[in-house]
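Listed below, chain by chain, are the residues.
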Amino acid sequence: MQTGRRQFLKTAGIGLAGAGLAPIWHPAARLLNFDDTRYFPRVTPESQGISSNGILKFVEAANASGASWHSFMLLRRGQVVAEGWWNPYAAEFVHSFYSLSKSFTSTAIGMLVKDGKLDISQPVISFFPKETPADPSPYLRQMTVKHLLTMNTGHGEDTLPPMKRSSGKTWVSTFLEQPVTYEPGSHFLYNTGATYMLGAILHAITGQTLVQYLGPRLFQPLGITGYDWETSPQGLNTAGYGLRAKTEDIAKLGQLYLQKGQWKGQALLTESWVKDATSYQTSSQVNNGDWSEGYGYQFWRCRHNAFRGDGAMGQYCIVIPDKEVVIAITSQTNDMQQSLNIVWDNLLPAIEPAPLPEAPQAHKALREQLEKLSLPVTANSAVPAASLKKKKLQLQTEPNDYGATTMELSFTPSGCTWNTQTAKGTTTIQCGWGKWLLNKDRQLYTFPEQTMNAAPTRVAATAAWISPTILQIDLRFVETLHGDRIQFDFGAPKMNISFLNTVTAMNPKNTDNRKAIRIKNIE
């Protein structure tokens, strides 16, 4: 079966992401009222029947995996038993969800159904009489809302790329113009354009965007704040991707579904919707690990009778009903199955039905490990050449694709400051020597690669001399998944500034398409 996920990675917008870490539990948090939906209570793992040693093995396996883990949060019975953020990511920052956004869109559709405003057996074209082709094909006529939910629209290719390329047409009309190759319901294809249509149907019914609709119905009841969601040129939320929110917000969605749609005594969703949305509705892929377990309504089935929402490169909302467990994960990886295997191999065996005896030494070891979680940094391995041993370097650049005219590098014992002048003004990034330094304000990155969305983000940076003539700056856009590596090569005769984004760096066969900037002069 096809999924369209690889094509989506090439075409969908990517947000930029967060910094820091959190202790595994806070004894004072036991006094929190669970009615305060901003936070879940924090308790010891053993109090909920989970071994601290098992969680420690999970963290150690994550660190050894080679993937860039950003955060995790483990809940049992609505209580956080462990959580961690890999510096410079932190609990207070939003993070790009990619396709995990789809599960929030599905939730909105479930709310429409609950309120009697939508029947998922309705034809898709019935909502868009002005944008439907004059002579719709029989398969297009057959396509229903349920086919959108289950990725069984009958398309042979993901419809999002032509929608994003469309000029002078709406994304809806472009979707409806795409050939429907197979009978709807007969062919699974991971189709992000189909999810966009769910948001468009919600708009057709309510006149509201997903953010407007979900605000009072989901985000406010669950205490989700500070989020944002990308929009199409028509002003509708992109639905299938583009949502940014916090790690704990992922956990809140999972807990809502674990509780069968109930939250603080209120039914936000019907139990039947939760069951249908998270159950096997269609086959997905064959012989591909957890992606072989089937698909529901914008949720994937998993092994171990679990289900999940997931987003590209490792954004997870995993729910294990048999264990009363929710796991939220944010990361950047090119092997999403590996991440799930780390969960199944290490966390599942650590979960017991009843509370375990408290284990102070295991608590201490786990706490210490979580307190030092960090993405790796490049250490200074060289002393700069004599000509570069200055407090400040002024760089004149040749004409380039980014509009950069001059740059300034300032050096102090604690770090490096990188200023870039363009026609739009000056951008400043402060970097720590051998440590992550978080810049204060959100900013647009001057040198985005096409896989990075040009969205404002806070930036963490570190710098190191990796040779006497090469200064390397590593960035993490801490309100997304991604980062960048910049090398200032001052070696004669071709001085230049080159770039390597973290998506490309995950696969040596890939190429960062940005051209290097030639340095004309140094003062």
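Residues numbered from 1 in each chain as written. Predicted model: local features only at pLDDT ≥ 70, side-chain atom pairs only at ≥ 80, totals over all residues. Heavy atoms only, no water.

Visitor: Residues and numbers for the overall build of the protein chain, please.
Guide: Along its length, the protein chain carries 14 helices and 23 strands. Taken over the C-alpha trace, the protein chain has a radius of gyration of 24 Å; the compact-globule value for 523 residues is 24 Å, and the two agree within 12%. In terms of overall dimensions, the protein chain has a C-alpha envelope of 75 × 65 × 40 Å along the principal axes. Taking all 523 residues of the protein chain together, the buried fraction comes to 59%. For the protein chain, long-range pairs separated by at least 24 residues make up 65% of all intrachain contacts whose partners lie at least 6 apart in sequence. Each charge class in the protein chain was averaged separately, 49 positive and 42 negative side chains, and the resulting centres sit 4 Å apart. (Helix = DSSP H or I, 4+ residues; strand = E, 2+ residues; numbered from the N terminus. Rg over C-alpha atoms; globule rule 2.2 N^0.38 Å. Buried < 20%, exposed > 50% of the residue type's maximum accessible area, 1.4 Å probe, protein only. Contact = heavy atoms within 4.5 Å. Lys, Arg positive; Asp, Glu negative; His and termini not counted. Charge placed at Lys NZ, Arg CZ, Asp CG, Glu CD.)

Visitor: Residue-level account of the sheet that holds strand S4 (residues 95-96), with values.
Guide: If you walk across this open sheet you meet the 3 strands as S4-S6-S5, and the pairing is antiparallel. Of all strands in the sheet, those bounded by a partner on one side alone are S4 and strand S5 (228-229). Looking at chain direction, S4 and strand S6 (residues 243-245) are connected through 2 bridges and run antiparallel. Bridged to Ser-96 within S6 is Arg-244. (Pairing = 2+ DSSP bridges.)

Visitor: I'd love a proper account of the pattern of salt bridges, names of residues and values included.
Guide: For the structure on display, the rule yields 15 salt bridges. Salt-bridge contacts for Glu-177 lead to Lys-169; the nearest nitrogen and oxygen are separated by 3.1 Å. Looking at Lys-169, the relative accessible area reads 42%, which means it is partly exposed. The salt bridge partner of Arg-514 is Asp-484, with a shortest N-O separation of 2.7 Å. Here the residue Arg-514 occupies a position in the loop between helix H14 (502-505) and strand S23 (517-522), and Asp-484 occupies one in strand S21 (residues 483-489), the gap between them amounting to 30 residues. Several salt bridges converge on common partners, so that one network encompasses Asp-228, Arg-244, Arg-442 and Glu-479. (Salt bridge = Lys/Arg side-chain N within 4 Å of Asp/Glu carboxyl O.)

Visitor: Please give an account of the sheet that holds strand S9 (residues 300-301) that cites residues and values.
Guide: In space, the 6 strands of this open sheet follow the order S3-S2-S12-S11-S10-S9, with antiparallel pairing throughout. The sheet is open, and its two borders are formed by strand S3 (79-85) and S9, each paired with just one other strand. Against the sheet, helix H12 (residues 336-347) makes contact with strand S2 (68-76), strand S10 (307-311), strand S11 (315-320) and strand S12 (325-332), and its axis sits at roughly 35 degrees relative to S11, the strand it touches most. (Axes fitted to C-alpha atoms, helices over the stretch in contact; angles between N-to-C directions.)

Visitor: Tell me about the packing of helix H2 (residues 52-64) against H12, and name the residues and values.
Guide: At their nearest, the axes of H2 and H12 sit 8 Å apart, and the two run at 155 degrees to each other. With respect to H12, the element H2 is oriented roughly antiparallel. Once H2 is placed against H12, the crossing between them reads as right-handed. Contact residues: H2 offers Gly-54, Ile-55, Lys-57, Phe-58, Ala-61 and Ala-62, while H12 offers Ile-342, Val-343, Asn-346 and Leu-347. In terms of residue class, the contact of H2 with H12 is made up of 7 nonpolar, 2 polar and 1 charged. (Parallel < 35°, antiparallel > 145°, perpendicular 65-115°, else oblique. Left-handed = near helix turned anticlockwise from the far one by under 90°. Nonpolar A, V, L, I, M, F, W, Y, C, P; charged D, E, K, R; others polar.)

Visitor: Report on the side chain of Asn-439, specifying residues and quantitative values.
Guide: Within the element layout of this structure, Asn-439 appears in the loop between strand S17 (437-438) and strand S18 (459-467). Look at Asn-439 and you get buried, because its relative accessible area is 4%. Dropping the residues within four chain positions of it, Asn-439 is found in contact with Thr-428, Ile-429, Gln-430, Arg-458, Val-459 and Ala-461.

Visitor: Which residues make up helix H11 (residues 271-278), and what values go with them?
Guide: Listed as buried for H11 are Trp-273, Val-274, Ala-277 and Thr-278. End-on, the buried residues of H11 take up no more than an arc of 110 degrees, which puts them together on one face. Exposed residues lying more than 90 degrees from the buried face of H11 are Glu-271 and Lys-275. (Arc of directions from axis to C-beta.)

Visitor: Go over the environment of Thr-426 with me, naming the residues and quoting the values.
Guide: With respect to the helices, strands and loops of the structure, Thr-426 is situated in strand S16 (residues 425-433). Separated by 19 residues in the primary sequence, Thr-426 and Met-407 place their C-alpha atoms 9.1 Å from one another. For Thr-426, the contacting residues outside a window of four places in its chain are Asn-419, Thr-420 and Gln-421. At 2.4 Å, the side chain of Thr-426 forms a polar contact with the side chain of Gln-421. (Polar contact = N/O pair within 3.5 Å; in protein donor to acceptor, adjacent residues only side chain to side chain.)

Visitor: An account of the packing of aromatic side chains is requested, with residue identities and associated values reported.
Guide: For the coordinates displayed, the defined rule picks out 30 aromatic pairs. Centroid distance Trp-69 to Trp-86: 6.1 Å. Interplanar angle 40 degrees. Geometry classified as tilted. In this pair, Trp-69 sits in strand S2 while Trp-86 sits in the loop between S3 and S4, placing the two residues 17 residues apart along the sequence. Looking at Trp-69, the relative accessible area reads 2%, which means it is buried. The buried category is assigned to Trp-86, whose relative accessible area is 2%. Chaining the aromatic ring pairs together yields one cluster made of Tyr-402, Phe-411, Trp-418, Trp-433, Tyr-445, Phe-447, Trp-465, Phe-477, Phe-488, Phe-490 and Phe-499. (Phe/Tyr/Trp six-rings, centres within 6.5 Å; stacked < 30°, edge-to-face > 60°.)

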